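Residue-level structural notes
The residues making up each chain are set out below.
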Amino acid sequence: MSRLTGAYANGWAIDTPPVDLKNNDKDYHPVFKAFLAGSFSGTFSTILFQPLDLVKTRLQNPSHNVVATTVSGRIQPGMITTFVNIIRQEQIIGLWRGMVPSIARCVPGVGLYFSSLHWLKTKLGKNRQDLSAMEAIVLGVVARTMSGVALIPITVIKTRYESGVYKYNSLSGALKAIYKAEGFRGLSCGLGPTLARDAPFSGLYLMFYTQSKQAVPKEWLQSPTASSGIHFTCGVLAGIAASLVTNPADVLKTNMQLYPEKFPNSFSAAMYVHQTYGFLGFFKGAVPRMVRRSLMAAMAWTVFEEITRSIGLK
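Rules used in this analysis
Residues numbered from 1 in each chain as written. Predicted model: local features only at pLDDT ≥ 70, side-chain atom pairs only at ≥ 80, totals over all residues. Heavy atoms only, no water. Helix = DSSP H or I, 4+ residues; strand = E, 2+ residues; numbered from the N terminus. Contact = heavy atoms within 4.5 Å. Core = buried A, V, L, I, M, F, W, Y, C linked by side-chain atoms within 4.5 Å. Buried < 20%, exposed > 50% of the residue type's maximum accessible area, 1.4 Å probe, protein only. 1 Å grid on protein atoms, 1.4 Å probe; cavity = no way out; pocket = protein on both sides within 12 Å on 5 of 7 lines; lining within 4 Å. Points joined across faces, edges and corners; volume = space filled by probe spheres on them. Nonpolar A, V, L, I, M, F, W, Y, C, P; charged D, E, K, R; others polar. Axes fitted to C-alpha atoms, helices over the stretch in contact; angles between N-to-C directions. Parallel < 35°, antiparallel > 145°, perpendicular 65-115°, else oblique. Left-handed = near helix turned anticlockwise from the far one by under 90°. Phe/Tyr/Trp six-rings, centres within 6.5 Å; stacked < 30°, edge-to-face > 60°.

Section: the side chain of Thr-57
Mapping Thr-57 onto the fold places it in helix 1 (residues 30-60). Residue contacts for Thr-57: discarding those within four places in its chain leaves Thr-159, Glu-162, Ser-163 and Thr-254.

What to know about the nonpolar core
The biggest cluster of nonpolar side chains holds 28 residues, and the ones touching the most others in it are Tyr-113, Leu-117, Tyr-205, Leu-206 and Trp-301. Here this core gets six residues from one element, more than from any other, and that element is helix 7 (residues 191-214). If we skip the residues at most four places from it in the chain, Leu-117 touches Leu-139, Gly-140, Ala-143, Leu-206 and Trp-301. Membership of the second largest hydrophobic core comes to 22 residues, among which are Leu-187, Leu-252, Ala-269 and Val-273.

Things to note about empty space enclosed by the protein
Counted under the stated rule, the structure contains two cavities of 30 Å³ or more. Each pocket or cavity is described by its volume, and for the largest cavity that value is around 440 Å³. If you go around the largest cavity, you meet 29 residues; those closest to its centre are Arg-105, Val-110, Arg-144, Arg-293 and Met-296. Of all elements in the fold, only helix 1, helix 3 (99-124), helix 4 (133-150), helix 5 (152-163), helix 7, helix 9 (227-258) and helix 11 (286-310) reach the threshold of two or more residues within the lining of the largest cavity. A total of seven residues in the lining of the largest cavity trace back to one element, the largest contributor, which is helix 11. Looking at the lining of the largest cavity residue by residue, the class counts come to 11 nonpolar, six polar and 12 charged.

Some remarks on the packing of helix 3 against helix 7
Close contact between helix 3 and helix 7 brings their axes to 14 Å; oriented N to C, the two are set at 55°. Relative to helix 7, helix 3 is oriented oblique. Here the hand of the crossing between helix 3 and helix 7 comes out right-handed. On helix 7, the residues touching Arg-105, Tyr-113 and Leu-117 of helix 3 are Arg-197, Asp-198, Ser-202 and Leu-206. Here the residues of the contact of helix 3 with helix 7 are counted per class, giving three nonpolar, one polar and three charged.

Details of the packing of aromatic side chains
With the rule as written, the count across this model stands at seven aromatic pairs. Where Phe-201 meets Tyr-205, the ring centres are 5.8 Å apart and the plane angle is 20°; that geometry is what we call stacked. Here Tyr-205 and Phe-201 lie together in helix 7, a separation of four residues that amounts to about one turn. Relative to Tyr-209, the ring of Tyr-205 has its centre 5.9 Å away and its plane inclined at 15°; by these criteria the two rings are stacked. One end of the pair is Tyr-205 and the other is Tyr-209, both in helix 7 and four residues apart, which spans about a single turn. Of the residues examined, Tyr-205 reaches a relative accessible area of 2% and is grouped as buried. Judged by relative accessible area, Tyr-209 falls into the buried class, the value being 0%. Site record: aromatic cluster; members linked through ring pairs are Tyr-161, Tyr-166 and Tyr-168.

Let's talk about the packing of helix 3 against helix 5
For any two helices packed against each other, one specifies the crossing angle of their axes together with the interaxial distance. Viewed as axis vectors pointing N to C, helix 3 and helix 5 meet at an angle of 150°, and their least axial separation amounts to 8 Å. Here helix 3 is positioned roughly antiparallel relative to helix 5, judged by the angle of their axes. Classified by chirality, the crossing of helix 5 by helix 3 is left-handed. Packed against helix 3, whose contacting residues are Pro-101, Ser-102, Ala-104, Arg-105 and Cys-106, the element helix 5 presents Ile-154, Thr-155, Ile-157, Lys-158, Tyr-161 and Glu-162 at the interface. Among the residues making up the contact of helix 3 with helix 5, the classes are represented as six nonpolar, two polar and three charged.

Here we look at the side chain of Thr-82
Looking at the element boundaries, Thr-82 is found in helix 2 (residues 79-90). On the basis of relative accessible area, Thr-82 is assigned to the buried category, the value being 2%. Sequence-distant contacts of Thr-82, that is, excluding residues within four places in its chain, are made with Val-55, Arg-58 and Leu-59.

This is the structure:
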């Protein structure tokens, strides 16, 4: 009998009775199963890699006071320097600043993405192994757009929490403060570049992931000892490629969400970044983002693959 809670007993489900989704198909819709599997897969990767996301946001913040080196006359704060400054000023716990909105966004976001992907894939009558490169891109873009639009207010709060500029006391307090000061526009600022970052990332990631898996012999994927390592490796390679392509949109998203009055649209943010930092400015925070997104996505897909196999969803 397959149990979902076993792998998570140390973190979240100590007192929760085990749920056998595999033997309760009549009680759980496949899309709901995909949502649960996706949410579980996103929980631990979100917590583990939060420091990288925090550093990425600080590097992209144009007004954050960090010690920096100068390259070709332009200010270029470094990832290690930012790590050290956060620890000095906020202690080790400071690296997990913004954890609440991160979990509030990433965990249901991953669940919505996987369930939307499963629903769309089912409508096409295909599984992930059968997807062509173009079908993978389209499904990834549509699934991520659906979850991205639904969670944009939490994305705004997450970015502001991590920046160190805004001092919100709680998630609900942040929602009220932003809505009171900026209205719905404030809660949805940066939606354009957010979708321009997440939708292509998911489409490209799913394409690279599925195509790399198709290049692996099927008997390897069916091996209990080798399948997890193959899924993880394919995920890392896919994440690196997709992260680099979408980093400019991530930079614009951060600027717009931190300073909506200064950057009311993507064009104004792009002009500022280019004039201040040059072309390389569009890749600020690329290293921590690439590491985080690659490992997080790889871990999420690996766990999702194993859970879906154990509950009979695949």
